[in-house]
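Per-entry structural report
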Amino acid sequence: MLHEPGKPPVPKEEDGGPCHLCNAACCRYFALQIDKPKAKQDFDHIRWYLCHEGVAVWVDDGDWYLEVRTVCRHLQPDNTCGIYETRPQICRDYGLPGEDPCEFFTKDMEYDLYFPDDKTFDTWYAERKARKKAKKHKKRKAA
Ligand code: SF4
Ligand code: SF4
């Protein structure tokens, strides 16, 4: 692995993921894809998720995800995996740059939308509603 000071290392496929240089970011949460909200009730459910500590919702390429920030019970104090030999497949597949690189490589973690709590979601929802209303008004005027 190449490692220039101040820059992320450039890993070689055969070395595996550079997990020894990371604070095990991916072992501190899990995320599940959820249905894209359509009805008013769907938005209210998302608001409810976001009322809980350690929960975030984000949108990436139009897909919606629920993120639960909780540390894996097998993560060791030195950031190594306590069940390395029998770790789940998803942990094995994650980490190398390629089609779906882990957050070690995608430091920017840019999402289409990111809601860390219900307050942020409420603000976005109110703005969305106002935008929709204005659009409808404009359409009516044009007709
Ligand atoms: S897979 Fe990526 S994010 Fe996870 S510990 Fe390894 S380098 Fe860090
Ligand atoms: S099982 Fe091991 S690799 Fe997988 S999340 Fe837990 S500590 Fe990380």
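These numbers were taken from a predicted model, which means no experiment stands behind them. (Residues numbered from 1 in each chain as written. Chains lettered and ligands numbered in written order. Predicted model: local features only at pLDDT ≥ 70, side-chain atom pairs only at ≥ 80, totals over all residues.)

Another point: the confidence of the model for the protein. Taken residue by residue, the protein gives an average pLDDT of 83. The fraction at 70 or more is 80%. Averaged over each element, pLDDT in the protein is lowest for helix H2 (residues 89-93) (86) and highest for helix H1 (residues 40-50) (97). Low pLDDT, under 50, characterises residues 1-9; the stretch is placed with 13 contacts to residues that sit more than four places away or in other chains. (pLDDT = per-residue confidence, 0-100. Helix = DSSP H or I, 4+ residues; strand = E, 2+ residues; numbered from the N terminus. Contact = placed C-beta atoms within 7 Å.)

If you check the shell around ligand 2, you find Cys-27, Cys-72, His-74, Leu-75, Cys-81, Ile-83, Arg-87, Pro-88 and Cys-91 and nothing else. Of the residues belonging to the shell around ligand 2, the class tally is 7 nonpolar, 1 polar and 1 charged. (Near = placed C-beta within 6 Å. Nonpolar A, V, L, I, M, F, W, Y, C, P; charged D, E, K, R; others polar.)

A word on the pairing of strand S3 (residues 63-68). Remark: a regular strand shows side chains that alternate across the two faces of the sheet. In terms of strand pairing, strand S1 (residues 30-34) meets S3 through 5 bridges, oriented antiparallel. Bridge pairing in S3 places Gln-33 opposite Tyr-65. Between strand S2 (residues 55-60) and the antiparallel strand that follows it, S3, lie 2 residues; Asp-61 among them carries a positive phi value of about 50°. (Pairing = 2+ DSSP bridges.)

Of note, the phi angle at Asp-61 is positive, near 50°, even though the residue is not glycine. Within the element layout of this structure, Asp-61 appears in the loop between S2 and S3. Residue class for Asp-61 comes out exposed when judged on the 6 C-beta atoms lying within 10 Å of it. (Buried ≥ 20, exposed ≤ 12 C-beta atoms within 10 Å, placed from the backbone.)

Membership of the largest hydrophobic core is limited to 5 residues, which are Val-55, Ala-56, Val-57, Phe-115 and Phe-121. For Val-55, the contacting residues outside a window of four places in its chain are Tyr-49, Leu-50, Leu-66, Glu-67 and Val-68. (Core = buried A, V, L, I, M, F, W, Y, C linked by C-beta atoms within 7 Å.)

What follows deals with the sheet that holds S1. Read from one edge of the open sheet, 4 strands run S1-S3-S2-S4, paired in antiparallel fashion. Looking along the sheet, the strands with just one partner apiece sit at the ends: S1 and strand S4 (113-115). Direction aside, the axes of adjacent strands within the sheet are offset by 20° on average. Across the face of the sheet, H1 comes into contact with S2, S3 and S4 while running at roughly 135° to S2. (Axes fitted to C-alpha atoms, helices over the stretch in contact; angles between N-to-C directions.)

Take the packing of H1 against helix H3 (residues 118-142) next. In the contact formed by H1 and H3, the axes pass within 8 Å of each other and the chain directions differ by 155°. Taken as axis vectors, H1 and H3 run roughly antiparallel relative to one another. Mapping the contact onto sequence places Phe-43, Ile-46, Arg-47 and Leu-50 in H1 and Asp-118, Phe-121 and Tyr-125 in H3. Its residues assigned to classes, the contact of H1 with H3 shows 5 nonpolar, no polar and 2 charged. (Parallel < 35°, antiparallel > 145°, perpendicular 65-115°, else oblique.)

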